[in-house]
Amino acid sequence: MPAGQRRDVVIVGAGHGGAAAAIALRQRKFAGSIAVLGAEPDLPYERPPLSKEYLAGDKPFERLLIRPASFWAERGVAMLTGREVVAVDPAARTVTTADGEAIGYGALVWATGGSPRRLTCTGHDLIGVHAVRTRADVDRLAGELPATTRVCVVGGGYVGLEAAAVLRKLGKAVTVLEAQTRVLARVAGAALSDFFHAEHRARGVDLRLGAIVECIEEADGHATGVRLADGEVITCETVIVGVGIVPAVSPLLLAGAEGGNGVVVDAHGRTSLPDVYAIGDCAAHANRFAGGATIRLESVQNASDMATTVARAIVGDPAPYDAVPWFWSNQYDLKLQTVGLSTGHDAAVLRGDPAARSFSVVYLKAGRVVALDCVNAVRDYVQGRALVVGGAAVDPAALADAAVPLKDLARG
Ligand SMILES: Cc1cc2nc3c(=O)[nH]c(=O)nc-3n(C[C@H](O)[C@H](O)[C@H](O)COP(=O)(O)OP(=O)(O)OC[C@H]3O[C@@H](n4cnc5c(N)ncnc54)[C@H](O)[C@@H]3O)c2cc1C
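Residues numbered from 1 in each chain as written. Predicted model: local features only at pLDDT ≥ 70, side-chain atom pairs only at ≥ 80, totals over all residues. Heavy atoms only, no water.

(A) Examining the site of the ligand more closely. Neighbouring the ligand are 31 residues; Gly17, Glu40, Lys52, Arg133 and Asp281 lie closest to it. Lysine 52 is positioned such that a nitrogen or oxygen atom in its side chain is 2.6 Å from an oxygen atom of the ligand. In the environment of the ligand, an oxygen atom lies 2.7 Å from a nitrogen or oxygen atom belonging to the side chain of arginine 133. Against a free-state accessible area of 1,000 Å², the protein chains account for coverage of 94% of the ligand. Elements with a contribution of two residues or more to the shell around the ligand: α1 (16-27), β2 (34-38), α8 (300-314) and β22 (326-331). Looking at the shell around the ligand, its residues break down into 13 nonpolar, ten polar and eight charged. (Near = heavy atom within 4 Å. Polar contact = N/O pair within 3.5 Å; in protein donor to acceptor, adjacent residues only side chain to side chain. Areas by Shrake-Rupley, 256 points an atom, 1.4 Å probe, with all protein chains shown as cover. Helix = DSSP H or I, 4+ residues; strand = E, 2+ residues; numbered from the N terminus. Nonpolar A, V, L, I, M, F, W, Y, C, P; charged D, E, K, R; others polar.)

Laid out in structure tokens, this is it:
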């Protein structure tokens, strides 16, 4: 692209949200020019398999691509990969890339996701310490695995637990270190945490709760173990750090956009800067399913649905963001599907028997269904969605009877 070229829409970030925004604009007959600038060298690809099939070696990278190169070319979407945006000038309506090029925009869509939060302790940057956020992260990690017998995973969230499951399947000795009193504490209720804890223990994972990392030990610049605050050293050749992300919003905030933990957007994805929108992991928005609280969601659903919202605003057919959150996680032979947000629930009802490895947890707040976690229970997930969307008031005893289909309760 020649210096100074202008595009009608510039999308920064070639991940789930950026790709979905370009697709949604063209689906809505947007005829203007579109450029997508992505810091990674690859065309947009699916991130969830990174801690699942791709890490396991079960899916080649080509099958992760959201669309083939020809798709973007046919729709006149300029996919400019390997181009990191470092500055935004809202008055001049330009973004500047790391190589110093200024590109003008009519509308700007910020879809940058986040960078993995790093440990700050000694040894956090040693060879053998990995994040799982990009293809490059996983390629580096996978390249080390043949010489690895012991892996330490720091963080018992979804990414850490999924990686642990894959590594056990690959025959590695795996320790998971979780600082909280249960795994998945940020995203799930206690019953689900206990279930996944037991599953990982049963599969031979050494899962430690309340484990505080003091530092990473080393020999010749390579990680050799993780030292805990109580002095114990867990010996390993590879350390995986899965402790969340930091939203990649610095250039926007420096340009004056409102935000902090993410950039704040309204119901149409608009930031406080003119014609600048933000979507996906980096966008803090008021969410009805969180009781109107301003939150960031980290899910494919949120990135895709916010992309549609913003595309509609850009083409002049606005509709406020009101999508029900959903998410999935695969660990071993367990398929977890969640709908709604369980944060702040005051009751949780178990449907089915965790020992049978097919059950659901229904979360209620003030008597109304706010979320479901379904493990190998697709029917509950599909039918329970309406209960969450409608905020249905359902008798907990009826919910607990797994013989009663949730669709029957939705009518009540
Ligand atoms: C290992 C893993 C497993 C996951 N599993 C699931 C799952 O099972 N289900 C689910 O729903 N979600 C899952 N997620 C979350 C999901 O992938 C994210 O929520 C989703 O990718 C968010 O889309 P996004 O467009 O906001 O960000 P991303 O997909 O992260 O894309 C952002 C892109 O912007 C680029 N970028 C950043 N800064 C700049 C800049 N300044 N200039 C140019 N480009 C920039 C980044 O390099 C990146 O390519 C998983 C995530 C990870 C990492």
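(B) Quick look at the packing of α1 against α8. Their axes nearest at 8 Å, the elements α1 and α8 cross at an angle of 35°. As α1 runs across α8, the sense of the crossing is right-handed. Between α1 and α8, the contacting residues are His16, Gly17, Ala20, Ala21, Ala24 and Leu25 on the first element and Val300, Ala303, Ser304, Ala307, Thr308, Ala311 and Ile314 on the second. Residues that form the contact of α1 with α8 fall into these classes: nine nonpolar, four polar and no charged. (Axes fitted to C-alpha atoms, helices over the stretch in contact; angles between N-to-C directions. Left-handed = near helix turned anticlockwise from the far one by under 90°. Contact = heavy atoms within 4.5 Å.)

(C) Structural detail: the packing of aromatic side chains. Going through the model one piece at a time under the given rule, you end up with eight aromatic pairs. Judged by centre distance (4.9 Å) and plane angle (35°), the rings of tyrosine 158 and phenylalanine 327 are tilted. Of this pair, tyrosine 158 sits in helix α5 (residues 158-169) while phenylalanine 327 sits in strand β22, placing them 169 residues apart in sequence. What makes tyrosine 158 buried here is its relative accessible area of 11%. The interplanar angle of 80° and the centroid separation of 5.4 Å between the aromatic rings of phenylalanine 195 and phenylalanine 196 together place this pair among those described as edge-to-face. Summarising the burial analysis for this pair, phenylalanine 195 and phenylalanine 196 share the class buried. Sitting above the plane of the phenylalanine 71 ring, arginine 67 keeps its charged end 5.0 Å from the centroid. (Phe/Tyr/Trp six-rings, centres within 6.5 Å; stacked < 30°, edge-to-face > 60°. Buried < 20%, exposed > 50% of the residue type's maximum accessible area, 1.4 Å probe, protein only. Lys NZ or Arg CZ within 6 Å of the ring centre and 35° of its normal.)

(D) Spatial organisation of the sheet that holds strand β21 (residues 294-295). Spatial ordering of the open sheet is given by β17-β18-β20-β21, a layout of four strands whose pairing is mixed. Each end of this open sheet is capped by a strand with a single partner; those strands are β17 (259-260) and β21. (Pairing = 2+ DSSP bridges.)

(E) The arrangement of the nonpolar core in detail. Val95 and Trp110 are the most contacted members of the largest nonpolar core, which totals 55 residues. Looking at this core, the element that brings in the most residues is α1, giving seven residues. Among the nonpolar cores identified, the runner-up in size contains 40 residues, and Phe61, Val151, Leu207 and Tyr363 belong to it. (Core = buried A, V, L, I, M, F, W, Y, C linked by side-chain atoms within 4.5 Å.)

(F) Spatial organisation of unusual backbone geometry. Despite not being glycine, arginine 93 shows a phi value in the positive range, around 55°. Taking relative accessible area as the criterion, arginine 93 reaches 27% and is therefore assigned partly exposed. For alanine 366, which is not glycine, the phi torsion reads 50° and is therefore positive. One can find alanine 366 in the loop between β25 (358-365) and β26 (368-375).

(G) Spatial organisation of the pairing of β2. In terms of residue burial, β2 counts as a mostly covered element, since five of its five residues are buried. Side chains Ile34, Val36 and Gly38 project from β2 onto one buried face, and the interleaved Ala35 and Leu37 project onto a second face that is buried too. Inspection of the sheet shows strand β1 (residues 6-12) paired to β2 by four bridges, in the parallel sense. Bridge assignment links valine 12 to a residue of β2, and that residue is leucine 37. Once you follow β1 into α1 and on to β2, the crossover reads as right-handed. The sheet contact formed by β2 and strand β3 (residues 77-81) spans five bridges and is parallel. (Right-handed = clockwise from strand over helix to strand, strands pointing away.)

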